[in-house]
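Observations on the three-dimensional arrangement
Okay, here's what each chain looks like letter by letter:
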Amino acid sequence: MSSSVSLRYGELGDQVADVFLPADVDAAGAVPLVLLFHGGFWRAEHDRRHVEPFARALAQEAGCAVASVEYRRVGAGGGWPTTLTDTARAVDLLPSLANAAVGAQIDLSCVAYAGHSAGGHLALWAAARHRLPTGSPGRTDTPPAIRGVLALAPTADLAAADALGSGRGAVAAFLGGNAAAVPDRYAAADPAVLGAPAGRTVLVHGTADKTLPITMARSYAAATGATLNEVPGAGHFDVIDPESAAWPVVVSALRSIIRRPNGRGSVTVTDASMLSP
């Protein structure tokens, strides 16, 4: 069982993160850090607690620290631009905060972002902040110093997700309208128009995902050069379930990011039964 510590990256109630460590962190020395963003279509009724089993298991299996990040969400002070500014603040501050909290046991040269569904959107966006239009909330002048991004069934194309009505109008609720009404917001928030994120980007998406179709991941990977691992028969939540057939694919994908900071991608249809857990 992994140990954990809770941190604040701001003064507001939702500006918190739970950091999970592998049980043998003392023997392992400094470990990589993964900043994990939960999904739930950016809505307040969904919080980081639903990914705690996944975060704990990932820390133990991959031998890394996993910071499960909370952020302001639609219905509780979130949406445009506060969800994004919380995300930016979290990725800027949490590595050093986490390292200090666990006794300098984190390798700050080996940081990755990860996220599921809407959290996958936030992870991709955070790794592309240097590509945001000038003046956009959260913009940076230089790429973040990260190994890459693990995006699990991500909302990788906001305009497409809005057109599909994903999450019962979740994208429009998040950004305050559709792409025709608030084009500047989509230009500053949509991974599909921002280009390739910093580092190595790997997507894991189930072919049976009914919440966000795998065609979205395929289009994003083709446009950005990201690597896409397709898991036959897997649904939207299988990619964050340590008991599912998608689990070894997820762990392998994270290891490829931590160990290989560069590289542009391919599409792999993965038979999970052929992988070692």
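Quick caveat: nothing in here was measured; it's all calculated off a predicted structure.

This part covers the overall build of the protein. For the protein, the count of helices and strands is 10 helices and 9 strands. Its C-alpha atoms give the protein a radius of gyration of 17 Å, within 12% of the compact-globule value 19 Å for 277 residues. Summarising its shape, the C-alpha atoms of the protein cover approximately 55 × 45 × 35 Å along the three principal directions. Within the protein, buried positions represent 57% of all 277 residues.

What follows covers the packing of aromatic side chains. This model, assessed by the stated rule, comprises 4 aromatic pairs. Aromatic side chains Phe37 and Tyr71 sit 6.3 Å apart centroid to centroid with 45° between the ring planes, which places their arrangement in the tilted category. A residue pair is termed long-range when its members are at least 10 positions apart, and Phe37 in strand S3 (residues 31-37) and Tyr71 in the loop between strand S4 (65-69) and helix H3 (82-101) qualify at 34 residues. Neither Phe37 nor Tyr71 differs from the other in exposure class; each is buried.

Moving on: the environment of Trp125. Among the secondary structure elements, Trp125 is positioned in helix H4 (residues 118-126). Accessibility expressed as a relative area gives 0% for Trp125, which makes it buried. Once the C-alpha coordinates of Trp125 and Leu212 are considered, the two residues, 87 residues apart in sequence, prove to be 17 Å apart. Residue contacts for Trp125: discarding those within four places in its chain leaves Leu84, Thr87, Ala88, Leu132, Pro137, Gly138, Ala188, Ala189, Pro191 and Leu194.

Moving on: the pattern of salt bridges. Pairing is possible between side chains that carry opposite charge, provided their charged atoms lie close to one another. Inspection of the entire model under this criterion finds 11 salt bridges. Across the salt bridge formed by Arg49 and Asp47, the nearest N and O atoms sit 2.7 Å from each other. A salt bridge links Arg129 to Asp92, with the nearest nitrogen and oxygen atoms 3.0 Å apart. Of this pair, Arg129 sits in the loop between H4 and strand S6 (148-152) while Asp92 is found in helix H3, placing the two residues 37 residues apart along the sequence. Because the salt bridges share partners, they merge into one network encompassing Asp14, Asp18, Arg48, Glu70 and Arg73.

Attention now goes to the confidence of the model for the protein. One rule of thumb: low pLDDT means the predicted coordinates there are not for detailed reading. With 91% of its residues at a pLDDT of 70 or more, the protein has an overall mean of 92. Low pLDDT (under 50) marks residues 260-268, which in the prediction has 20 contacts with non-local residues, meaning those over four places away or in another chain. Of the regions scoring below 50 in pLDDT, residues 270-277 engages in 14 contacts with residues more than four places distant in sequence or in other chains.

This next bit is on the nonpolar core. With 58 residues, the main nonpolar core has Leu35, Phe37, Trp42, Leu94 and Tyr113 as its most contacted residues. Here Tyr113 is in contact with Leu35, Val91, Ala123, Ala126, Ala127, Pro144, Ile146, Gly148, Val149 and Leu150, once residues within four sequence places are set aside.

A few words on unusual backbone geometry. Residues Trp80 and Pro81 are joined by a peptide bond in cis, for which omega reads -10°. Along the chain, Pro81 turns up in the loop between S4 and H3. Of note in the backbone geometry, Ala153 takes a positive phi value of approximately 45° without being a glycine. Examined against the element boundaries, Ala153 turns out to sit in the loop between S6 and helix H5 (158-164). Owing to a relative accessible area of 0%, Ala153 belongs among the buried residues under this scheme. A positive phi angle is found at Arg168, which is not glycine, with a value near 55°. Residue placement: Arg168 occurs in the loop between H5 and helix H6 (170-175). Given a relative accessible area of 69%, Arg168 falls into the exposed group.

About the cut-offs
- Residues numbered from 1 in each chain as written.
- Predicted model: local features only at pLDDT ≥ 70, side-chain atom pairs only at ≥ 80, totals over all residues.
- Heavy atoms only, no water.
- Helix = DSSP H or I, 4+ residues; strand = E, 2+ residues; numbered from the N terminus.
- Rg over C-alpha atoms; globule rule 2.2 N^0.38 Å.
- Buried < 20%, exposed > 50% of the residue type's maximum accessible area, 1.4 Å probe, protein only.
- Phe/Tyr/Trp six-rings, centres within 6.5 Å; stacked < 30°, edge-to-face > 60°.
- Contact = heavy atoms within 4.5 Å.
- Salt bridge = Lys/Arg side-chain N within 4 Å of Asp/Glu carboxyl O.
- pLDDT = per-residue confidence, 0-100.
- Core = buried A, V, L, I, M, F, W, Y, C linked by side-chain atoms within 4.5 Å.

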